[in-house]
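# Observations on chain architecture
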Amino acid sequence: MVAVHGNDETEEARRELPYQQVITLGGRRLLLCHSHLPDREAEMASRVNDDWRPKLERYAAQARRAGATIYVLGHLHIPFVVEHEGVGLVNPGAIASGSAFTRQTRPTVARLTLRDDGRPFVVHTDLARPEQPHVPVIDWPAGFTAARGE
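First things first, this report covers the structure right here in the doc. (Residues numbered from 1 in each chain as written. Predicted model: local features only at pLDDT ≥ 70, side-chain atom pairs only at ≥ 80, totals over all residues. Heavy atoms only, no water.)

## Focus on the pairing of strand β2 (residues 28-33)
Threshold: Here, strands pair whenever DSSP counts at least two bridges between them. In DSSP terms, a helix is any run of H or I states spanning at least four residues, a strand is any run of E spanning at least two, and both are numbered starting from the N terminus.
Here strand β1 (residues 20-25) runs beside β2; their pairing, made up of 6 bridges, is antiparallel. Bridge pairing in β2 places I23 opposite L30. Connecting the antiparallel pair β1 and β2 is a turn made up of 2 residues, with G26 showing a positive phi of about 55 degrees. Bridging between β2 and strand β3 (residues 70-73) involves 4 bridges; their strand directions are parallel. Note that in β3 the partner of C33 across the bridge is L73.

## As for the sheet that holds strand β6 (residues 108-114)
Here we have 3 strands laid out as an open sheet, ordered β6-β7-β8, and antiparallel in their pairing. On the outer flanks of this sheet lie β6 and β8 (133-134), each paired with one strand and no other. Where strand β7 (residues 120-126) meets β8, 2 bridges bridge the pair, whose relative direction is antiparallel. The residue bridging T125 from the neighbouring strand is P133, located in β8.

## Some remarks on the packing of aromatic side chains
Here is the rule: In summary, the pairing rule links any two rings of Phe, Tyr or Trp, Trp by its six-membered ring, whose centres are within 6.5 Å, and it sorts them by plane angle into stacked for under 30 degrees, edge-to-face for over 60 and tilted for everything else. Note on classification: 1.4 Å probe, protein chains only; a residue is buried when its accessible area is under 20% of the maximum for its type, exposed when over 50%, partly exposed between these limits.
In the structure shown here, the tally under the stated rule is 5 aromatic pairs. Consider the rings of W52 and F80, whose centres lie 5.5 Å apart with planes at 80 degrees: the pair is edge-to-face. Of this pair, W52 sits in helix α3 (residues 52-65) while F80 sits in strand β4 (residues 80-84), and the two are 28 residues apart along the sequence. For the pair W52 and F80, a shared accessibility class is recorded, and that class is buried. With a centroid separation of 5.8 Å and an interplanar angle of 90 degrees, the aromatic rings of Y59 and Y71 are classed as edge-to-face. Taken together, the positions of Y59 in helix α3 and Y71 in strand β3 put the pair 12 residues apart, joining distant regions of the chain. Classification of Y59 by relative accessible area gives buried; the value is 1%.

Dropping the structure here:
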């Protein structure tokens, strides 16, 4: 198992788990990171803007710095798959029960498979309906807040 710490972890978890990890699968480098900003003030400032673009640009840049072409992130609690600036961004959502505090309306996970040609294939699952795939639909121009209901 490969794990990273999130922004609400205990001091012990932050000490034992790294902020990010890079793994290689099928010849592709994947960056795994919760994706919060380690500096709390910077994190809070990043939440003021509802536009997706700065968030996606930051994630793509972070992946490129790590030499990764796929970035698996959490933090936003919104399931999605999008390619941005040549980087595949995958958010499985969150497994916690949905609430206004946890920012998701459904607990979801994702399975990422690398095809023979190295391209990623992602299937999200709504844990309340695991028998069928969940297809997240994000209206990117509508902004981050609008996507919370996904």
